Amino acid sequence: EVQLVESGGGLVQPGGSLRLSCAASGFTFSSYAMSWVRQAPGKGLEWVSTIIGGGGSTSYADSVKGRFTMSRDNAKNTLYMQMNSLKPEDTAVYYCNGGRVLTNPYRYLEIWGQGTLVTVSS
């Protein structure tokens, strides 16, 4: 079964840290670019960060740049997000997302996790 399972969310005070994990199974993890996407209460989806399959390149939304660090361990089929200096506006459900382009014929494969809630509040 193709699956992404997030963990590590919870309640943290402003300025605190959390580490999210996303465990992948049922597919070739290293062949997928992986992303974190979040959804704040009452708002739409917001892209947070992406890391390529080999893990050599990452990109971040301006809202988290310098505070969040994304990494992956392809040997463990696991994606991580270290979140530091958390702010109340970081409160959201954080989703793990995997994407891969196939050609001949062209297809875009996408996998989503169920999400983990991060609440930043005093």
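The rules behind the values
- Residues numbered from 1 in each chain as written.
- Predicted model: local features only at pLDDT ≥ 70, side-chain atom pairs only at ≥ 80, totals over all residues.
- Heavy atoms only, no water.
- Core = buried A, V, L, I, M, F, W, Y, C linked by side-chain atoms within 4.5 Å.
- Buried < 20%, exposed > 50% of the residue type's maximum accessible area, 1.4 Å probe, protein only.
- Helix = DSSP H or I, 4+ residues; strand = E, 2+ residues; numbered from the N terminus.
- Contact = heavy atoms within 4.5 Å.
- Disulfide = S-S within 2.5 Å.
- Polar contact = N/O pair within 3.5 Å; in protein donor to acceptor, adjacent residues only side chain to side chain.
- Pairing = 2+ DSSP bridges.

(A) Seen up close, the nonpolar core. Met34, Trp36, Leu79, Met83 and Tyr94 are the most contacted members of the largest nonpolar core, which totals 28 residues. For this core, the secondary structure elements donating two or more residues are strand 3 (18-25), strand 4 (33-39), strand 5 (45-51), strand 7 (68-73), strand 8 (78-83), strand 9 (92-102) and strand 11 (116-120). With four residues, the single largest contributor to this core is strand 3.

(B) Seen up close, the environment of Leu4. Of note, Leu4 is situated in strand 1 (residues 3-7). Judged by relative accessible area, Leu4 falls into the buried class, the value being 3%. Here the alpha-carbon distance between Leu4 and Tyr95, two residues 91 residues apart in the chain, equals 9.2 Å. Contact partners of Leu4, with chain neighbours within four places excluded, come to Cys22, Ala23, Ala24, Phe27, Met34, Cys96, Asn97, Gly98, Ile111, Trp112, Gly113 and Gln114.

(C) Summary view of the state of the cysteines. Here the structure, examined in full by the defined rule, presents one disulfide. The partner cysteine of Cys22 in its disulfide is Cys96, sulfur to sulfur 2.1 Å. Judged by the sign of its S-S torsion, about -80 degrees, the bond between Cys22 and Cys96 is left-handed. Taken as a pair, Cys22 in strand 3 and Cys96 in strand 9 lie far apart in primary sequence, 74 residues in all. The buried category is assigned to Cys96, whose relative accessible area is 0%.

(D) View of the side chain of Ser35. Tracing the backbone through its elements, the reader meets Ser35 in strand 4. We classify Ser35 as buried; its relative accessible area is 8%. One polar contact links Ser35 to Thr50, side chain to side chain, over a distance of 2.7 Å. The contacts of Ser35, once residues within four sequence positions are left out, are Trp47, Ser49, Thr50, Met70, Leu79, Tyr95, Cys96 and Asn97.

(E) Layout of the pairing of strand 8. Along strand 8, five of the six residues are buried, which leaves the element largely enclosed by surrounding structure. One ladder, built from six bridges, connects strand 3 with strand 8; its direction is antiparallel. Paired with Ser21 across the two strands is Tyr80, which belongs to strand 8. As defined by bridge partners, strand 7 adjoins strand 8 across six bridges and the pair is classed as antiparallel. By the bridge assignment, Ser71 is partnered in strand 8 with Tyr80. The turn linking strand 7 back onto strand 8 is made up of four residues, and Asn77 within it adopts a positive phi angle of 55 degrees.

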